[in-house]
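# Survey of secondary and tertiary structure
Read off the chains here:
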Amino acid sequence: MATLYYCYFLMTLLMKIKSRSSIMMMSVLVIIAVSALFVAFPEGISAQQDENVFVTHSGAVVKTTGEVLDPLYTSATVEFDPMEYLRDFNYGRISQLDDGTTLREFTIIADDDKIMEVSPGIFFNVWTFNGTVPGPTIRATEGDIVRVNFINNGSKEHTMHFHGIHPAEMDGVFEIVGSGGGQFTYEFEAGPVGVHPYHCHVMPLEEHIVRGLYGVFIVDPKESRPAADEMVMVLNGLDMDFDGENNFYAANTIPFYYQHHPIQININELVRVYVVNMVEFDPINNLHLHGNLYNYYPTGTDIVPSAYTDMITLSQTERGIMEFKYEYPGKYLFHAHKVEFSEKGWVGIFLVNDNQQDKKSESVEYGS
Ligand SMILES: [Cu+2]
């Protein structure tokens, strides 16, 4: 209240002054007076600036003095289980063409209104292929015909751009698919052998990718790879506050998920991991495996590994295949050796069982 009287007194004085030089003098006095106010009442002024109040879509009022990460949503419309995603391969609806070629048909639906609980209590508006981030893992054998019936149910334009070899009009860049039910059919021969990303290619590309419009496309060699416990890891990041930096990092979207729910594998059984880096903003990501080394096949295009290592470094959309076996039971970390990423969620555990019957049981939780 004293502050108000002070301002009122200064304003009254100013209005009574007529001459130009007096006005200049009074202006200097007002500046000094306002500066004095900030010195006298620093807590009152800064407290008002720090207080943030948000009204969520559900009507709840959120007050905070800390950093707020997307406070607009309080419930999820996406169901995503990283343990299920890990080993879930979609081979499509299979039929034979007249010449005997295998046709694999897929239906992929894009949406951009879904809300995902990406960490306990943290909700984020994700853009999805078939309702999840990442979208389904599409799998075919080299030489198969892949036909993708794409439907854009979003409110924005989207496409599907596959990495690999295909005609220009199947590249998902210039053939924009309109919102609200637009359709396009992508059709091409599966190739080359390897692990490839697919993603939306509409501008601003950064946003369409970071929001979640990506997935993995595996092309198997005609002579299949040796039997193994196969899994997919998409390395991704989440920019919750839209400042062009990731707040969370993960393997398969949910930070720390495989640390709290270790991936169970068997001793002396070959494990094959299809790993794809979809992190935006940060120029590199990496993957370090504990207590072991792995054969690494960059892009999965060769059947002979090019490295035997415990560390690979990946830029945007770089990917490859890792193969390894564990000789000793126990728990082993895998994580980004860029420690900032692992401390923000990109870390997990392989739990190596020596009892084969325990394999893939999801009832055991481990770590904290
Ligand atoms: Cu898009």
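Residues numbered from 1 in each chain as written. Predicted model: local features only at pLDDT ≥ 70, side-chain atom pairs only at ≥ 80, totals over all residues.

This part is about the overall build of the protein chain. Along the backbone of the protein chain there are 7 helices and 23 strands. Going through the 368 residues of the protein chain one by one, you find that 36% of them count as buried. Across the protein chain, every contact between residues at least 6 apart in sequence was considered, and the portion connecting residues at least 24 apart equals 68%. (Helix = DSSP H or I, 4+ residues; strand = E, 2+ residues; numbered from the N terminus. Buried ≥ 20, exposed ≤ 12 C-beta atoms within 10 Å, placed from the backbone. Contact = placed C-beta atoms within 7 Å.)

Here H290 lies in the loop between β17 (285-289) and β18 (294-298). Considering only alpha carbons, one finds H290 and F350, 60 residues apart in sequence, at a separation of 9.2 Å. With near-sequence residues (within four places) excluded, H290 lies in contact with Y332, L333 and F334.

What follows covers the sheet that holds strand β12 (residues 214-220). Within the open sheet, the 5 strands sit side by side as β3-β7-β12-β11-β9. Their pairing is mixed. Only two strands of the sheet have a single partner each, and these edge strands are β3 (89-90) and β9 (161-162). Note that β3 and strand β7 (residues 137-141) share 2 bridges and pair parallel. Counted as the bridge partner of F89 is T137 from β7. (Pairing = 2+ DSSP bridges.)

For the rest of this paragraph, the subject is the pairing of strand β6 (residues 122-129). A regular strand carries its side chains on alternate faces of the sheet. With 6 of 8 residues buried, β6 is to be regarded as a mostly interior element. The antiparallel hairpin formed by strand β5 (residues 102-119) and β6 contains 2 residues in its connecting segment, where G121 sits at a positive phi of about 80°.

Right, let's talk about the sheet that holds β17 for a bit. Taken in spatial order, the 5 strands make up an open sheet running β15-β23-β22-β17-β20, and their pairing is mixed. With one partner strand each, in any of the chains shown, β15 (263-266) and β20 (311-314) form the two edges of the open sheet. Neighbour to neighbour, the strand axes of the sheet diverge by 25° on average, direction disregarded. Sheet analysis places strand β22 (residues 330-335) next to strand β23 (residues 347-353), joined by 6 bridges and oriented antiparallel. In the strand pairing of β23, G330 is matched with V352. (Axes fitted to C-alpha atoms, helices over the stretch in contact; angles between N-to-C directions.)

This part covers the confidence of the model for the protein chain. In this model, the protein chain carries a mean pLDDT of 85, and residues with pLDDT of at least 70 account for 77%. Counting contacts from residues 37-49, a segment whose pLDDT is below 50, to residues more than four positions away or on other chains yields 3 contacts. Segment residues 361-368: pLDDT under 50, and 13 contacts once partners within four positions in sequence are set aside and those in other chains are kept. (pLDDT = per-residue confidence, 0-100.)

Judged by nonpolar contacts, the single largest core of 80 residues is most densely connected at V216, M233, L235, Y274, V275, V276 and W346. Element by element, the count of residues in this core is highest for strand β13 (residues 229-238), at 6 residues. Look past the residues within four positions of M233 in its chain and what remains in contact with it is A251, N252, V273 and V275. (Core = buried A, V, L, I, M, F, W, Y, C linked by C-beta atoms within 7 Å.)

Our next topic: unusual backbone geometry. Along the chain, V133 connects to P134 via a cis peptide bond; the corresponding omega equals -5°. Between M203 and the following residue, P204, the backbone shows a cis peptide bond with an omega angle of -5°. Here P204 lies in the loop between β11 (194-199) and α5 (205-210). Even without being glycine, N130 reaches a positive phi, approximately 55°. Here N130 is to be found in the loop between β6 and β7.

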